[in-house]
Amino acid sequence: MVYAMMSIGVLGFVVWSWVLASPYSDIRAFIYFAVCLNGLVLIGTLNGKNSISYTQWAGNLSLYSSKSKKPSASETTRETSFHYSEFRLYYNTLFNNDAQHLSNNWLTWFIGFVEGDGAIQTYGKDTRVRFVLTQKESGILYHIHNKLGIGTVKHFPQGTSGNKNDFYRLIVENTSHILLLAFLFNSNLALTHRIQQLSLWVQVLNSRFGVNTILFVNTPVSVTLQDAWLSGFTDAEGCFNVSITYNARYTLVAPAFHVIRMRYILDQKDSIILLVIRNLFGFGNVTLRSKTDGVYRYTVTGCRSANDIISYFKVFPLLTNKANSFEKWSTIQDIVSTKLHLSKEELGQVRALQKQIHLNNSITNKTGEKKV
């Protein structure tokens, strides 16, 4: 402990002397000093009872079984794939706030949402940077704006080219706020093309704030069913769908037999991430959509598979209006999962819920997106 205290004093003198000498060293010096401070505290307390550990306390999620609607979890410590220490340090620098209102789950949801719908832009001959989120639904953009305290939400009532397909955008252009997002995204992105976009950001930001302000990490993060990334990605790219068809082959056996088809859908040009998600769940199919510009679709069909999909989103809830579709989709699953034939009243209830889901899907479709 004495060694740690003496080291902190010497390091503090050296670092802050450097701060006074360099016009761009304020950000990187603060982060470097804070990280070193954490490391020294760790060294000084390794032999203590409460050593510092960069692990996250979490329940290891086990998906719902077909007989239980409650998730089982074992209370263990695990290393998280997502790291937010530099983001939190710089957030505190910008806003004098420790960002306790930004939970790790919310930040992970936000990253998944950005990977699905965000625009990490570099323009002006690779000298300027901008961040944009475009949505038909304004509420989620105001939610993100209020949570992070950055950017501006703008309404475009005439859509693009005056087609009256109105939408909203969250736009961030302040360079310090872009740097904050870069700290959040660095080492926490899963899609290769998003990592490539971030690399251009890092070049511009390191030129603006000083070399090595951000030490770029080009390795994709490992997403799991024990984090909220897929929830955010589904809010951006997902859909819950129900179809009802009449099967005439069974009219001799039953007066009315209807086949109810439950589907969970993700569309994305990056087929690799869809294959990762398929492997996480252990079911579903990834196919190339016909008559599209290289768009792939991950589709989960069937009531049994729906149980595992439902279990995930019960633990990591959706935050957009798609949560309404999910709740109705889950209700239909409860109705049909244990019955071979539905009564007339139950079939009517399913039809009403299906109509509400399709209506909500039409509202939450992205600008220019085809309806499912």
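Refer to the preceding data block for the structure.
To start, this report covers the structure provided alongside it. All figures in this text were calculated on a predicted structure; none of them were measured in a lab.

1. Overview of the packing of helix α6 (residues 175-185) against helix α7 (residues 192-209)
- At a minimum axis separation of 10 Å, α6 and α7 run at an interaxial angle of 130°. When the axes of α6 and α7 are compared, the pair comes out oblique. Two packed elements cross with a definite hand, and for α6 against α7 that hand is left-handed. Across from Thr175, Ser176, Ile178, Leu179, Leu181, Ala182 and Phe185 in α6, the residues of α7 making contact are Leu198, Trp201, Leu205, Arg208 and Phe209.
- For the contact of α6 with α7, a count of residues per class yields nine nonpolar, two polar and one charged.

2. A short note on the sheet that holds strand β4 (residues 128-135)
- Strand order in the open sheet made by the four strands is β3-β4-β6-β5, with antiparallel pairing throughout. Each having just a single partner strand, β3 (118-123) and β5 (152-156) make up the two edges of the open sheet. With strand direction ignored, the average angle separating the axes of adjacent strands in the sheet is 25°.
- Bridge count for β4 against strand β6 (residues 167-172) is five bridges, and the pairing is antiparallel. Paired with threonine 134 across the two strands is arginine 169, which belongs to β6.

What counts as what
- Residues numbered from 1 in each chain as written.
- Predicted model: local features only at pLDDT ≥ 70, side-chain atom pairs only at ≥ 80, totals over all residues.
- Heavy atoms only, no water.
- Axes fitted to C-alpha atoms, helices over the stretch in contact; angles between N-to-C directions.
- Helix = DSSP H or I, 4+ residues; strand = E, 2+ residues; numbered from the N terminus.
- Parallel < 35°, antiparallel > 145°, perpendicular 65-115°, else oblique.
- Left-handed = near helix turned anticlockwise from the far one by under 90°.
- Contact = heavy atoms within 4.5 Å.
- Nonpolar A, V, L, I, M, F, W, Y, C, P; charged D, E, K, R; others polar.
- Pairing = 2+ DSSP bridges.

None of the figures reported here should be taken as evidence of function without further support.
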